[in-house]
Amino acid sequence: MNHKIILASKSPRRQELLKLMDIDFRVVLKEVDESYPEHLSPEEIAVYIASKKAEAFDETIGDEIVLTADTIVCIDGLILGKPGNAEHAVEMLKMLSGKVHKVITGVCILHKNKYNKFFDVSEVFFRKLTDEEITSYVSEYMPLDKAGSYGIQERIGLIGIEKINGSYTNVVGLPTEKLYQQLKNL
């Protein structure tokens, strides 16, 4: 892959995944309104927001590839984005505790005025967490930049997740195996 890649994400987890894939990239950020139409499915929401992030670059790139992504957590039809504060984070984790939820990452690759959009879905099974496990995690890790208020690679993921159906890297925030195949085909 000899293309110049712009990663439009401030997520250190996405940046680390690209580094681990030996992909050369630079980070460029643009402010984007992440609202979405209410009638969309969770999968459509993730792709819609990733696409909006890519559209912000539409007029400004030449031969470069713009890579954008958006990850959401969905439980019982409810979308859990990033928590507004620590109390909200605790509330979200209590909602996920002892249940199965979906993590959906929408990805958009903009190259030569073409939008390549896709998503991945992983099911995550949390064991029942104690209130103390939840509150100590939130106070120590402050997961306010994470959809669903947790990072699978952090303490709560290591002690609380019983199993995953699907891609681990999707839960981290970027479905690397699907991304690699899409980039290879450019």
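The sections below set out a description of the structure shown in this document.

Our focus in this paragraph is the overall build of the protein. Tallying secondary structure elements over the protein gives seven helices and seven strands in all. The linear arrangement of helices and strands in the protein, starting from the amino end, is β-α-β-α-β-β-α-β-β-α-α-β-α-α. A compact globule built from 186 residues should have a C-alpha radius of gyration of about 16 Å, and the protein, at 16 Å, falls within 12% of that. Taken over the C-alpha atoms alone, the protein extends approximately 50 × 35 × 25 Å along its principal axes. As displayed, the protein has an accessible area near 9,400 Å², and 49% of this comes from carbon and sulfur atoms. Across the protein, the centroid of the 23 positively charged side chains sits 3 Å from that of the 28 negatively charged ones.

Right, let's talk about the nonpolar core for a bit. Counting 37 residues, the largest nonpolar core has Leu18, Leu67, Leu96, Val107, Ile109, Tyr150 and Leu179 as its most contacted members. Setting aside chain neighbours within four positions, we find Val107 in contact with Ala50, Leu67, Thr68, Ala69, Asn116, Lys117, Phe118, Leu174, Pro175 and Leu179. Residues Ala8, Ala50, Val66 and Leu110 belong to the second largest nonpolar core, which totals nine residues.

On inspection of all chains with the given rule, the structure shows two aromatic pairs. Taken together, a centroid distance of 5.1 Å and an interplanar angle of 80° make the contact between Phe126 and Tyr150 edge-to-face. On the criterion of sequence distance, the pair formed by Phe126 in strand 6 (residues 114–126) and Tyr150 in the loop between helix 4 (131–141) and helix 5 (155–160) is long-range, its members being 24 residues apart. Note on accessibility: Phe126 and Tyr150 belong to one class, buried.

Throughout the structure, instances matching the rule amount to eleven salt bridges. Among the ionic pairs, Lys52 bridges to Asp33, the shortest N-O distance being 3.7 Å. In this pair, Lys52 is assigned in helix 2 (residues 42–55) and Asp33 in the loop between strand 2 (25–27) and helix 2, connecting sequence segments 19 residues apart. Where salt bridges share partners, they join Arg13, Asp145, Lys146 and Glu154 into one cluster.

By the secondary structure assignment, Asp70 is in strand 3 (residues 65–75). It is 16 Å that separates the C-alpha atoms of Asp70 and Glu177, two residues lying 107 residues apart in sequence. With near-sequence residues (within four places) excluded, Asp70 lies in contact with Arg14, Glu34, Ala46, Ile49, Ala50, Lys53, Ile104, Thr105 and Gly106. A polar contact is formed between the side chain of Asp70 and the side chain of Lys53, at a distance of 3.3 Å.

So, about helix 4. Among the residues making up helix 4, those that are buried are Glu133, Ile134, Tyr137 and Val138. Angular distribution of buried residues about the axis of helix 4 spans 120°; they occupy a single face of the element. Facing away from the buried side of helix 4, by more than 90 degrees, are the exposed residues Glu132, Ser139 and Glu140. Buried residues along helix 4 sit in contact with helix 3 (86–96) and helix 5.

What follows is about the pairing of strand 5 (residues 100–111). Most of strand 5 is tucked away: ten of the twelve residues are buried. Judged from the ten bridges that link them, strand 3 and strand 5 form a sheet pairing that is antiparallel. Bridge pairing in strand 5 places Ile65 opposite His111. The antiparallel hairpin formed by strand 5 and strand 6 contains two residues in its connecting segment, where Lys112 sits at a positive phi of about 50°.

This next bit is on the packing of helix 3 against helix 4. For the pair helix 3 and helix 4, the least separation of the axes is 10 Å and the interaxial angle reads 140°. The orientation of helix 3 relative to helix 4 falls into the category oblique. With respect to the hand of their crossing, helix 3 and helix 4 are arranged in right-handed fashion. The residues of helix 4 that touch helix 3, namely those facing Ala86, Ala89, Val90, Leu93 and Lys94, are Asp131, Ile134, Thr135, Tyr137 and Val138.

How each quantity is defined
- Counting restarts for each chain, with residues numbered from 1 along the sequence as it is written.
- The predicted origin of the model limits local features to residues at a pLDDT of at least 70 and limits the giving and counting of side-chain atom pairs to 80 or more, whereas totals for whole chains, interfaces and linings rest on all residues.
- Excluding hydrogens and water, the side-chain values take into account all heavy atoms of the structure.
- Here a strand is any run of E in DSSP of at least two residues, a helix any run of H or I of at least four, and the numbering for each starts at the N terminus.
- In this description the radius of gyration comes from C-alpha coordinates, and the expected globular size is given by 2.2 Å times residues to the power 0.38.
- Method for areas: the Shrake-Rupley scheme with a 1.4 Å probe, in which residue coverage is limited to the protein chains shown.
- The convention is simple: Lys and Arg are positive, Asp and Glu are negative, and His and the chain ends are not counted.
- To locate a charge, take NZ of a lysine, CZ of an arginine, CG of an aspartate or CD of a glutamate.
- Among buried residues, those of type Ala, Val, Leu, Ile, Met, Phe, Trp, Tyr and Cys that are joined through side-chain atoms within 4.5 Å constitute a nonpolar core.
- Buried, partly exposed and exposed residues are distinguished by accessible area as a fraction of the type maximum, computed with a 1.4 Å probe on protein chains only: under 20%, between the cut-offs, and over 50%, respectively.
- Any two residues having at least one pair of non-hydrogen atoms within 4.5 Å are treated as being in contact.
- Only the six-membered ring of Trp is used, alongside the rings of Phe and Tyr, when aromatic pairs are assigned; centres must lie within 6.5 Å, and planes under 30 degrees apart are stacked while those over 60 apart are edge-to-face, with the rest tilted.
- Each reported salt bridge corresponds to a side-chain nitrogen of Lys or Arg within 4 Å of a carboxyl oxygen of Asp or Glu.
- N or O atoms within 3.5 Å of each other form a polar contact, as long as, within protein, one can give a hydrogen and the other can take it, and as long as residues adjacent in sequence are counted only when both atoms are side-chain atoms.
- Along the arc lie the directions from the helix axis toward the C-beta atoms.
- One bridge is not enough; two strands pair if DSSP finds at least two bridges between them.
- Comment: axis = line fitted to C-alpha atoms, over the contacting stretch for helices; angle = value between 0 and 180 degrees taken between N-to-C directions.
- The labels follow the angle: roughly parallel below 35 degrees, roughly antiparallel above 145, roughly perpendicular from 65 to 115, and oblique for the rest.
- Left-handed describes a crossing in which the near helix is turned anticlockwise from the far one by less than a right angle; the clockwise case is right-handed.

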